[in-house]
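As a plain string of letters, each chain reads:
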Amino acid sequence: MSDRQDTEPADLLIAGGQVIDTRAGRLIDADVSVRGDRIAGVHAFGRGPAARQTLDARGRVVAPGFINSHLHVESSLVTPQEYERMVLPRGTTTIVCDPHEMANVLGQRAFDFFLDHARAMVLDMKIGLSSCVPATELGTSGAILRARDLAPYMDLPEVIGLAEMMDIGGMLNADPVVLEKLELFRDRYIGGHLPVIEDGDKLDHFRKLGLLDDHESVSHAEGAAKLAHGFNLLIREGTAARNLDALVGLIRPENAGRLAFCTDDRHPNEVRAEGELDHIVRRAIALYDPAQHGDDRDAHVMRVYQMATLWGAENFGLSDRGAIEPGLLADLVLLDDLEDCRAGAVLKDGRPVDAARLAERPRIDPHGYGAYDTVRFKGRAEIAPDDLAKPASGRPVPVIRIVPGQIVTDHDTADLPVDRAGNLQPAPAADIAKLVVVERHGRTGNIGVGFVRGFGLKDGAIASTLAHDDHNVIAAGSDDAQLARAVNQVKQLGGGFVLVHGGEIAAEQPLPVAGLMADVPWETVADRQEALIAAAARMGLSVADPTMTLAFLALPVIPDLKLCDTGLTRFNADSHPVPQRIAG
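For the structure given in this document, a descriptive report is provided here. As the structure is a computational prediction, the values presented were derived from the model and not from experiment.

Turning our attention to the layout of surface pockets. Volume-wise, the largest pocket comes out at about 330 Å³. Taken together, 20 residues form the lining of the largest pocket, with Ala135, Thr136, Glu137, Asp167 and Asp175 sitting closest to its centre. Every element with two or more residues in the lining of the largest pocket is listed here: α5 (168–172) and α6 (176–184). In terms of residues, the lining of the largest pocket owes the most to one element, α6, which gives three residues. Among the residues forming the lining of the largest pocket, the class breakdown is 10 nonpolar, five polar and five charged. Looking at the second largest pocket, it is lined by 21 residues, and the ones nearest its centre are Pro404, Gly405, Gln406, Val543 and Thr549.

And the structure:
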């Protein structure tokens, strides 16, 4: 901070506030001057330059703009420009996005879609090129991307590196397809995806391959193991996976510079009700525990803000943001209260964020990327109930068990009833529903059938085209007729969520852009999602957001038991150390 009077005029002077010094982890009383899109200086009170405009910050705290260090915008159910409109006024000025949801449907056209959005947005959207399209060879996706498909994009200014490498088996077994991608991005940012892995030898192997961070830790021990073996830790708190409570004890001085926050997936109704990065900051502060974090509460609060700003920037080599100091981007959040983390005003590139500024952006039309009409069933116009039959072939039957508040599942078994035709039936009284995955890219016509415990689904069905990462149609239901009704209605919508009860449509969320995103304002998406969740609650479903829970039941790179269009898969730290198909 300078005590010398700055004589060169500034465009803006933010006067009289407390400034978060993220380098030192402290609050200082200071004025901040801005010229163009950069911070010109940090000055003692009253020592700033004359300015064309002065912003009174008395009683407020000035923070650097927040950085969401890993997310998939598509999983927010809205387009990037709507995501921007939703979170930028809350203080998030930079997001690091992996568009692999859309890439699994449209391939390189998804990169074009996101890059064109990034160039049109006020918020900075940095793109991690999707490393695993498809995530594995276990299911059927709509595209395949190799290193040669990524290479034309890697040096674009909007591209930050290679997004989460999920192919555990490929890395362990030296798959040349995987190694070629890692070699292409050597000495660049490479994100990790290492669920339930605490083994030191494996972690060392992944670090040697160039992986820098991980956002999949669900326990203190898992997070500590990754930190001990050189990984930075992105603590995730989203809609499907809520890991902050388990990992908050790692926010300690010895982990300084090694931690950041991310949402991964966050639905608009929850952003409206609670927030995005601002919500994580509030919760992390509220979870302060002297036994875990030491006696200095103020130091804990500063570490939380460092995670939301500077340490996230450093993780990606973004040296132009994350702190309030001369020469850095003037991405600033004026907080009405430090611990409550409510943005009273937001500046991006030195200019206030408001509706008028966001309305200036050129609109990106999804039609130009082939993003509509992406739900196609090979060989059939629609699904018949008989298409979903599951012949009995032995007992007990593998059953996916939902873990509340997590995207991991457990492997369970059950003796299920068999009908007169010899087909397995769900057992609603035991909270076991039928689960189906219908290939929707028009490539194979596969239908995978299994069973899931934990939805609380007694009568009805729920279907979705948001089904990580192949994004086929996934549906859970109490009987084949209602399952088929839900699946066919999803196709009719061009993608989205459908809830069926008593044979009738109870609620729906159209997601016609690649079957993943809506083409309406985020507030409308939030309203529809709240209506769908309320309808699900009236049906007795026991999970907070059944659409997000359903979406991860088809993802074989997350433990344990999952269902793809080709059948059941398992992945865990013990019996199935790499994702693989199983009988059942």
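Let's pick the thread back up.
Ordered by their spatial adjacency, eight strands build an open sheet running β18-β17-β20-β19-β22-β21-β23-β24, and the pairing between neighbours is mixed. Single-partner strands in this sheet number two, and they are β18 (409–414) and β24 (504–510). The mean inter-strand angle of the sheet, taken between neighbouring strand axes irrespective of direction, is 25°. In the sheet, strand β19 (residues 432–438) pairs with strand β22 (residues 473–477) via five bridges, with the strands oriented antiparallel. Following the sheet pairing, valine 438 is matched in β22 by valine 473. Sitting on the sheet, helix α16 (residues 480–493) touches β19, β21 (461–464), β22, β23 (496–501) and β24, and the angle it makes with β23 is about 150°. Contacts from helix α17 (residues 522–538) reach β23 and β24, with the element oriented near 150° to β24.

Further remarks concern the pattern of salt bridges. Tallied over the entire structure, the rule returns 45 salt bridges. Note that arginine 26 and aspartate 21 form a salt bridge whose closest N and O atoms lie 3.0 Å from each other. The class of arginine 26 is partly exposed, set by a relative accessible area of 44%.

Any space left empty among the atoms is revealed by the rolling of a water-sized probe across them. Counted by the stated rule, this structure contains four cavities of 30 Å³ or more. Taken as a whole, the largest cavity encloses approximately 90 Å³ of empty space. Along its surface, the largest cavity is lined by 17 residues, and His72, Glu164, Asp264, Phe552 and Leu555 are the ones closest to its centre. Of the residues in the lining of the largest cavity, the class split is five nonpolar, five polar and seven charged. Roughly 80 Å³ of internal volume is contained in the second largest cavity. Around the second largest cavity, the lining comprises 15 residues; the ones closest to its centre are His70, Val96, Ala163, Glu164 and Tyr189. A total of three residues in the lining of the second largest cavity trace back to one element, the largest contributor, which is strand β10 (residues 189–192).

The rules behind these values
- Residues numbered from 1 in each chain as written.
- Predicted model: local features only at pLDDT ≥ 70, side-chain atom pairs only at ≥ 80, totals over all residues.
- Heavy atoms only, no water.
- 1 Å grid on protein atoms, 1.4 Å probe; cavity = no way out; pocket = protein on both sides within 12 Å on 5 of 7 lines; lining within 4 Å.
- Points joined across faces, edges and corners; volume = space filled by probe spheres on them.
- Helix = DSSP H or I, 4+ residues; strand = E, 2+ residues; numbered from the N terminus.
- Nonpolar A, V, L, I, M, F, W, Y, C, P; charged D, E, K, R; others polar.
- Pairing = 2+ DSSP bridges.
- Axes fitted to C-alpha atoms, helices over the stretch in contact; angles between N-to-C directions.
- Contact = heavy atoms within 4.5 Å.
- Salt bridge = Lys/Arg side-chain N within 4 Å of Asp/Glu carboxyl O.
- Buried < 20%, exposed > 50% of the residue type's maximum accessible area, 1.4 Å probe, protein only.

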